[in-house]
Each structure stands twice: as C-alpha cells, then as structure tokens.
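# Geometric and topological summary
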Amino acid sequence: MSAAQPIGIIGGGAWGTALAQMVASDGTAVRLWAYEAEVVDAVNRNHANPLFLSGVALHASIVATGAMADLQDCAAVLVVAPAQHLGRLIGELPDHGQPLILCSKGMEQGSARLMNEVVEAVGWSGPVAVLSGPTFAHEVGAGLPAAVTLAAQDRATAEGLAALLARPAFRPYVSDDVIGAEIGGVVKNVLAIACGVVEGAGLGQNARAALISRGFAEMTRYGLARGARLETLAGLAGLGDLVLTCSSTSSRNFSLGRGLGEGRDAASLMADRRTVAEGAFSAAVLVADAGARGVDMPICHAVARLIAGEVAVREVIGELLSRPLTGEGWNRLG
Ligand SMILES: NC(=O)c1ccc[n+]([C@@H]2O[C@H](COP(=O)([O-])OP(=O)(O)OC[C@H]3O[C@@H](n4cnc5c(N)ncnc54)[C@H](O)[C@@H]3O)[C@@H](O)[C@H]2O)c1
Ligand SMILES: O=P(O)(O)OC[C@H](O)CO
C-alpha cells in the first residue's frame, strides 16, 4: 500500500460516490468504477453524480471509469456494489493481491454468504477488510463527521487501511471481528424496514423503541451464534447503525418499510426505486440461515414475510404481539 497510488472504488451509487469524495478530500487520486455509463460521464465531465448523490460538487481528483482493469494499480479497492452483484464484480477485477475493503451491507441470496465469504469463494488472493457503521452517504458526501468500524482478521492490515482512509471528518475504529462488523449491517437493514412499518402504520414511538431493543436482541443472538463479539454488535457497525437507520426517513430501508406500513405492497415499492434497500434482499436468506442455526428472529421473520407479500401488516403485528411472554436475556434462543 502506498499513499501515492490511487484508491479504487467499485460502485458509483450514493455510498461509493460519497466514499470517493471523502477519500479525495485530501487530494488523493480516486478511480471510481461505475456500472452506468451516464454516471462515468457525469463524474468526468461535470464532477457530479446527479443520478445517485445530487448536490455534491465532486473533487477533481476523482476519475470515473467503466473498465475494471483501470483499478488494477490501486493501493486498495473499496467495494461498494449492491450485495447481490458483489461476487460477480470482484471476479472481473484483476487480482494482484491488492487489499479489498468491503463496504456493502448484505447477504448473498441462495448461498447465505456474508460479503467476506463471497470474496473468499471467489478466491481473492489479497487481504480483505470490512468497513461498516452509521453513515448516510449524503452526510459523508457533504464532509460531515462520521465514525466507522474497520475490521480485518489481521490487526496490522486493519490498522494500515485505517491510516489510509482516515480523514479529519472520517474516523475508522479498527477491529479484528469481521463477522460481527458484517452482521451488524445486514441485520440493521432488515430491522430498519420493520421500524419504517411501525412509522407508516402509526404505531407510535414506544413501539419503535421496543422494536429497536428487541431487534438488537435478535442481532445479538444471531451474531453470537456466528462467532461475532458482543462489543462489535454493541458498537458502530451494530447498535450505532441500527439507531441511525431506524430513526430516519433518509434510510432507504426505513422508507421502504414506511410504504409497507402505509399499506402499499413490496413489489410496487421496489419497482419504483433505482436505489437499493438491501434489507429487502437479505431478510429471507437471513432468517433461513438463523433458523438453520437454531436462532429465533421473529421481527426479521415478519419483515421477510411482508416483503414476500405473504402477510398483511395488521396480521403480522398481531402475531408479534401475541407471542408467548418470555425473558429479556439475549443469550436465550427463543
Ligand atoms: N447509501 C448509503 O448511505 C450507504 C451507506 C453505507 C452502506 N451502504 C451500502 O452500500 C451498498 C451500495 O449502496 P449505494 O447506496 O451506494 O447504492 P445506490 O442505492 O445509491 O445505487 C444503486 C447501485 O446499484 C448499482 N447497480 C444497479 N444494477 C447493477 C448491476 N446490474 N450491476 C452492478 N451494479 C448495479 C448502481 O450502479 C448503483 O451503484 C449497499 O450494500 C448499501 O447497503 C450504503
Ligand atoms: O439508506 P439505508 O437504509 O441503506 O442505510 C444507509 C446506511 O447503511 C446507514 O448507515
């Protein structure tokens, strides 16, 4: 890794573009791979990405490309593609052992793989890290302060990448808990949909707070079952991101849930959007994987059924409220 080399980014959506802006804020050269030719064109001609991050004047050191080979000499590559496309895109990136920093928050449908497991299956030869935390793209793009978890199995790798990415308004906290950092992001997206439903159905703020607390218990049960550490789940990538995403209509997951709570159906809500609400793609595979591990996730299960159109909002709320009374501890399975 050398500071003189450019930093690569795969994904010209809101988050990839905001990260490009953050990295370039000290003059660092950034190569931004984007799927849409119109994004490549707008970044290179107008230093803007009106399709995904409007209103941000991008630094001139950000150069966009549609050719993955243009990222091969980068010091590190941030991977910010939607989770269902990540494996395919990394397979197109020339592998010279450069570090990958996974910034997507999702689980692969079919395989139930977390993003670091997808990369492992591709056979990437270099170090792999996960960057996750409470970070709305439009705020980071505007240069507002944010803190994230940056996790890699090898602590020296995490520290090196944290030094490469840290900026005055962007503060990575290093960790060696890759699984915990990923699970926080996956589960909070599903729970944010549930919180949106609570808002859309007008169930009140008490219900929202209860859902965040019981949702965190689900995140913790599942995370611990997969070997994550409690301190990670209670940190930026877990509870921190859960609180952010469950509290704001800036969240695409929350706003999808709000539409469901207002009585619209998932298929039409999803068809209406260009942006990705990862929780809609992760919910079913997450609860299936949790079930296979003997972990009960009733709120996430309710979201999966709503997304699939299997149940109406009123019905699912009635089911959740009529579950048998139980203890509050997060180590119990049910
Ligand atoms: N937006 C945020 O605030 C934010 C913050 C943290 C993490 N994330 C995560 O970052 C990831 C990317 O989200 P985003 O917000 O940057 O995206 P976005 O919702 O702004 O845009 C959609 C993205 O999907 C891409 N895309 C669509 N079809 C594609 C295809 N067939 N192949 C490859 N790419 C395709 C588009 O090019 C675009 O980059 C997600 O996993 C998300 O959870 C987002
Ligand atoms: O808009 P959302 O719901 O994808 O959330 C964006 C980020 O993950 C918040 O940290």
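Residues numbered from 1 in each chain as written. Chains lettered and ligands numbered in written order. Predicted model: local features only at pLDDT ≥ 70, side-chain atom pairs only at ≥ 80, totals over all residues. Heavy atoms only, no water.

## Observations concerning the UniProt feature "binding site: substrate" (unreviewed entry) in the protein
Going by this rule: UniProt positions are given in the numbering used here, feature names are shortened, and annotations may be inferred rather than shown by experiment. A 1.4 Å probe that fits but cannot get out identifies a cavity on a 1 Å grid over protein atoms alone, an open set with protein on both sides within 12 Å along at least five of seven lines counts as a pocket, and a residue lines either if it has an atom within 4 Å of a point. Strands are runs of DSSP state E lasting at least two residues, helices are runs of H or I lasting at least four, and both sets are numbered from the N terminus onward. Only heavy atoms matter for contacts: two residues are in contact if any of them lie within 4.5 Å across the pair.
Feature annotation in UniProt places "binding site: substrate" (unreviewed entry) on K105, R252 and N253, given in this structure's numbering. A maximum C-alpha distance of 12.7 Å among these annotated residues, which run over 149 residues, shows that they cluster at one spot. Taken from the residues named earlier, the lining of the largest cavity is made up of K105. Locating N253 in the fold gives a position in helix α11 (residues 252-261). Residue contacts for N253: discarding those within four places in its chain leaves N189, A192, I193, A277, E278, G279 and A280.

## Remarks on the layout of surface pockets
To be explicit about the condition: Grid points are joined across faces, edges and corners, and a volume is the space filled by probe spheres set on the points. Lys, Arg, Asp and Glu make up the charged group, whereas Ala, Val, Leu, Ile, Met, Phe, Trp, Tyr, Cys and Pro make up the nonpolar group; the residues left over, Gly among them, are polar. Throughout the structure description, domain borders are defined by an automatic or database domain assignment.
Computed from the structure, the largest pocket encloses a volume of approximately 1,100 Å³. Forming the boundary of the largest pocket are 42 residues, of which G13, P82, R252, T275 and V276 lie nearest the centre. Mapped by element, the contributors of at least two residues to the lining of the largest pocket are α1 (14-23), α3 (83-92), α5 (137-141), α7 (178-200), α10 (236-245), α11 and α13 (278-292). Among the elements that make up the lining of the largest pocket, the one with the highest residue count is α3 (four residues). Among the residues forming the lining of the largest pocket, the class breakdown is 18 nonpolar, 15 polar and nine charged. The residue makeup of the lining of the largest pocket includes at least three contributed by each of domain 1 (7-176) and domain 2 (184-322). As for the second largest pocket, its lining consists of 27 residues, of which R214, I299, L320, L321 and R323 are closest to the centre.

## Points about the site of ligand 1
Rules: Only a single heavy atom is needed: when it lies within 4 Å of a molecule or strand, its residue is near that molecule or strand. Here a polar contact is taken to be a pair of N or O atoms separated by no more than 3.5 Å, where protein atoms must pair a possible hydrogen donor with a possible acceptor and residues adjacent in sequence count only if both atoms sit in side chains. Surface exposure here means Shrake-Rupley accessible area, sampled with a 1.4 Å probe, where a residue is shielded only by the protein chains that are shown. Here the criterion for a molecule occupying a pocket or cavity is that more than half of its atoms lie within 2 Å of the pocket grid points.
Close to ligand 1 lie 24 residues; A14, W15, E36, V276 and E278 are nearest. In the environment of ligand 1, a nitrogen atom lies 3.3 Å from a nitrogen or oxygen atom belonging to the side chain of Y35. For ligand 1, an oxygen atom lies 3.0 Å from a polar atom in the side chain of R252. Burial of ligand 1 by the protein amounts to 90% of the accessible area it has alone, namely 820 Å². Cavity membership is defined here by more than half of the atoms lying within 2 Å of grid points; on that basis ligand 1 lies in the largest pocket. Sorting the residues of the shell around ligand 1 by element identifies α1 and α3 as the ones contributing at least two each. The class makeup of the residues in the shell around ligand 1 is 11 nonpolar, seven polar and six charged. Structurally, the shell around ligand 1 is a two-domain feature, drawing no fewer than three residues from each of domain 1 (7-176) and domain 2 (184-322).

## A short note on the site of ligand 2
Ligand 2 sits among 13 residues. The nearest are K188, D241, S251, R252 and N253. In this structure, an oxygen atom belonging to ligand 2 sits 2.6 Å away from a side-chain N or O atom of D241. Note that an oxygen atom of ligand 2 is positioned 2.8 Å from one of the side-chain N or O atoms of N253. Burial of ligand 2 by the surrounding chains reaches 92%, relative to a free accessible area of 310 Å². Cavity membership is defined here by more than half of the atoms lying within 2 Å of grid points; on that basis ligand 2 lies in the largest pocket. Among the elements that line the shell around ligand 2, the one with the most residues is α10, at three residues. For the shell around ligand 2, the per-class residue count stands at three nonpolar, six polar and four charged. When residues of the shell around ligand 2 are assigned to domains, at least three fall in each of domain 1 (7-176) and domain 2 (184-322).

## Structural notes on the environment of S247
Along the polypeptide, S247 turns up in the loop between α10 and α11. As a C-alpha pair, S247 and A266 span 19 residues in sequence and 21 Å in three-dimensional space. Not counting residues up to four positions away in its chain, the partners in contact with S247 are R208 and F254.

## Observations regarding the nonpolar core
The criterion, for reference: Each nonpolar core is a collection of buried residues, namely Ala, Val, Leu, Ile, Met, Phe, Trp, Tyr and Cys, held together in the definition by side-chain atoms within 4.5 Å. Only protein chains enter the accessibility calculation, which uses a 1.4 Å probe; a residue whose area is less than 20% of its type maximum is buried, one above 50% is exposed, and one in between is partly exposed.
Core analysis: the largest hydrophobic core is formed by 49 residues, its most contacted members being V187, Y222, L260, L286, M297 and C300. For this core, the elements supplying multiple residues, two or more each, are α7, α8 (205-225), α11, α12 (266-271), α13, α14 (298-307) and α15 (313-321). Examining the composition of this core, we find that 11 residues originate from one element, α7, more than from any other. Residue assignment places this core across two domains, with domain 1 (7-176) and domain 2 (184-322) each supplying three or more. When neighbours within four sequence positions are excluded, L286 is seen to be in contact with M107, V186, V187, V190, Y222, M297 and C300.

## Some words on the packing of α14 against α15
Filter applied, for reference: In this description, a line fitted to the C-alpha atoms serves as the axis of each element, helices being fitted only across the stretch in contact, and the angle between N-to-C directions of two axes falls anywhere from 0 to 180 degrees. Any angle that falls under 35 degrees is termed roughly parallel, while one over 145 is termed roughly antiparallel, one within 65 to 115 roughly perpendicular, and all others oblique. When the near helix sits turned anticlockwise from the far one by under a right angle, the crossing is termed left-handed; a clockwise turn instead gives a right-handed crossing.
The geometry of α14 relative to α15 is characterised by a closest axis approach of 11 Å and an angle of 165° between their N-to-C directions. Classified by the angle their axes make, α14 and α15 are roughly antiparallel. Where α14 crosses over α15, the two elements pack in a sense that is right-handed. Contacts between α14 and α15 pair P298, I299, A302, R305 and L306 from the former with V313, V316, E319 and L320 from the latter.

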